[in-house]
Amino acid sequence: IRISQLLSMARRLHSAIIATFVLLAVGQCSNAVPTEAEVYWRTVLPDSPLPDPILKLLHPETSSVKKPKDDTVAEAYSLTWLMWGLRSRSGPTKHSSPRPSSKDETVAEAYSLTWLMWGLRSLSGPKKHSSPGPSHDRDHSADEYLARGLFFHEEAVQVGKTMTLYFPLAASAPLGLLPRHVADSIPFSASSLPTALARLGVANNSVQAANMEETLYMCDLPPKAGEAKFCATSLEALVEGTMAALGTRNVRPMASDLPRSGAPKQPYAVRAVHPVDGSSFVSCHDHNYPYTVYMCHNTPATRAYMVEMEGAHSGLAVTVAAICHTDTSHWDAEHFSFKVLGTKPGDGPICHYLPYGHNVWVKKEANRSSSS
């Protein structure tokens, strides 16, 4: 009996030891120890939860997203994946016409929307004659497809209304958000691209090199008069840049609560609308680079909402951060939003949601919790 009891105790002890090692392993895999950036966030923004997209970028090893295989979802990505394949075979493209037109240079508000489309176009790789401003000489097929699930009228931002949207697959940078000291040690300018390519192990004639060149060019463009514009390569730079642009340290982020795997185009019924006080915000869009790079800019003459919606076919519940640009009278008549909505400059506000991974920053005191 004593021997059997000893054996039983030994088995229980052995099981306890194994369980302890498993728990320790799980703790390591789940990144229980916060990163420097997370500690910084908790110190500077203690009342603002870290948005899920940013958290996953801080731990890219645990947040891979594969291209969906479901036929109903594949429709939403077929064009962008096709374009990526074509560009991969054709090699990198130079900046044949990356500059905004002279008309765009004077219109900060319309230009801000092209930044959003520029970021979404990175899903399909670099394009010949690509430009952050409207152009008349390039193939718009992929851009139009993206735009048709992105823009809507402000009249649709009401409880009971329905809008047709689709949410693209998250396309986060493979290296995620680098620690600040690492990001700051890598040259970040168009003139130092060869050094950056060497540091990151990217081939000179690769598609990735072309993407990097285009992103660096955009970041090097000087801000227009009255515009706050910056590129952030770390979480700390993102926070500090938005604080400087908004003129206060009392800020908070807004981000859409969307599935990382995307969702097919379908009607969404508006269940609740939460207006956000203020008329100027800072919007940040992640762009194509080996590690996360945010292009940020202020958005004057805008209204912002957090909109709760439910998919008509799937029942998918999402909350999107929506930005409505209130003055379109000076926009280029060829802007994608007018084609999608069947309107023209000055007809009324044009709205868009923020895709997964993009964020908008507001002053805390400007927030209100009332809904309509």
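Computed from a predicted model, the values in this text were never measured in an experiment.

A. Quick peek at the overall build of the protein. Per the secondary structure count, the protein includes twelve helices and eleven strands. Here the protein holds 372 residues, and 50% of them are scored as buried. Taking the intrachain contacts of the protein between residues at least 6 apart in sequence as the baseline, contacts between residues at least 24 apart amount to 75%. Summed over its atoms, the accessible surface of the protein is roughly 17300 Å², and 56% of this surface lies on carbon and sulfur atoms.

B. Region of interest: the packing of aromatic side chains. Following the criterion strictly, the structure yields six aromatic pairs and no others. Consider the rings of Tyr289 and Tyr291, whose centres lie 5.1 Å apart with planes at 85°: the pair is edge-to-face. Classification of Tyr291 by relative accessible area gives buried; the value is 0%. A network of ring pairs unites the aromatic residues Phe167, Tyr268 and Tyr353 as a single cluster.

C. Helix 9 (residues 193-200), seen in detail. All of the buried residues in helix 9 are Leu193, Ala196 and Leu197. Around the axis of helix 9, the buried residues are gathered within 100° of arc, so they sit on the same side. Across from the buried face of helix 9, at angles greater than 90 degrees, the exposed residues are Pro194 and Ala198. Residues of helix 9 that are buried in the fold lie against helix 10 (207-220). Phi turns positive, to about 70°, at Gly201, one or two residues after helix 9.

D. Focus on the packing of helix 9 against helix 10. For the pair helix 9 and helix 10, interaxial distance at closest approach is 11 Å and the crossing angle is 135°. In terms of axis orientation, helix 9 runs oblique to helix 10. Helix 9 and helix 10 meet at a crossing whose hand is right-handed. Every residue of helix 10 that contacts helix 9 at Leu193, Ala196, Leu197 and Leu200 is listed here: Ala209, Met212, Glu213 and Leu216. Looking at the contact of helix 9 with helix 10, its residues break down into seven nonpolar, no polar and one charged.

E. Quick peek at the confidence of the model for the protein. Looking at the protein as a whole, the pLDDT averages 74, with 66% of positions reaching at least 70. Contacts of residues 13-31 to residues separated by more than four positions or lying in other chains number five contacts, the stretch itself having pLDDT below 50. Confidence over residues 65-112 falls short of pLDDT 50; this stretch has 100 contacts with residues more than four positions distant or in other chains.

F. Examining the sheet that holds strand 11 (residues 359-363) more closely. Taking strand neighbours across the sheet as the criterion, the five strands line up as 3-7-6-11-4 in an open arrangement whose pairing is antiparallel. Each edge of the open sheet is held by one strand with a lone partner, namely strand 3 (229-232) and strand 4 (251-254). Strand after strand, the sheet turns through a mean of 25° between neighbouring axes, direction not considered. Two strands pair when backbone bridges link them, and strand 6 (residues 281-287) and strand 7 (residues 293-299) are joined in this way by seven bridges, in the antiparallel orientation. Residue pairing in the sheet places Ser283 in a bridge with His297 of strand 7. Sheet strands touched by helix 11 (residues 235-246): strand 3, strand 4, strand 6, strand 7 and strand 11. Its angle to strand 11, the strand with the most contacts, is close to 45°.

G. Up close: the nonpolar core. Core analysis: the biggest nonpolar cluster contains 28 residues, and Phe152, Leu165, Phe167, Val307, Met309, Val320 and Tyr353 have the highest contact counts within it. Within the residue set of this core, elements represented by two or more residues are strand 1 (151-153), strand 2 (162-167), strand 5 (263-276), strand 8 (302-311), strand 9 (317-325), helix 12 (336-341) and strand 10 (350-353). Excluding its chain neighbours within four sequence positions, the residues that come into contact with Leu165 are Gly149, Leu150, Phe152, Pro264, Lys265, Gln266, Tyr268, Met309 and Tyr353. Judged by nonpolar contacts, the second largest core, of 22 residues, contains Trp41, Ala232, Leu235 and Val282.

Analysis parameters
Residues numbered from 1 in each chain as written. Predicted model: local features only at pLDDT ≥ 70, side-chain atom pairs only at ≥ 80, totals over all residues. Heavy atoms only, no water. Helix = DSSP H or I, 4+ residues; strand = E, 2+ residues; numbered from the N terminus. Buried < 20%, exposed > 50% of the residue type's maximum accessible area, 1.4 Å probe, protein only. Contact = heavy atoms within 4.5 Å. Areas by Shrake-Rupley, 256 points an atom, 1.4 Å probe, with all protein chains shown as cover. Phe/Tyr/Trp six-rings, centres within 6.5 Å; stacked < 30°, edge-to-face > 60°. Arc of directions from axis to C-beta. Axes fitted to C-alpha atoms, helices over the stretch in contact; angles between N-to-C directions. Parallel < 35°, antiparallel > 145°, perpendicular 65-115°, else oblique. Left-handed = near helix turned anticlockwise from the far one by under 90°. Nonpolar A, V, L, I, M, F, W, Y, C, P; charged D, E, K, R; others polar. pLDDT = per-residue confidence, 0-100. Pairing = 2+ DSSP bridges. Core = buried A, V, L, I, M, F, W, Y, C linked by side-chain atoms within 4.5 Å.

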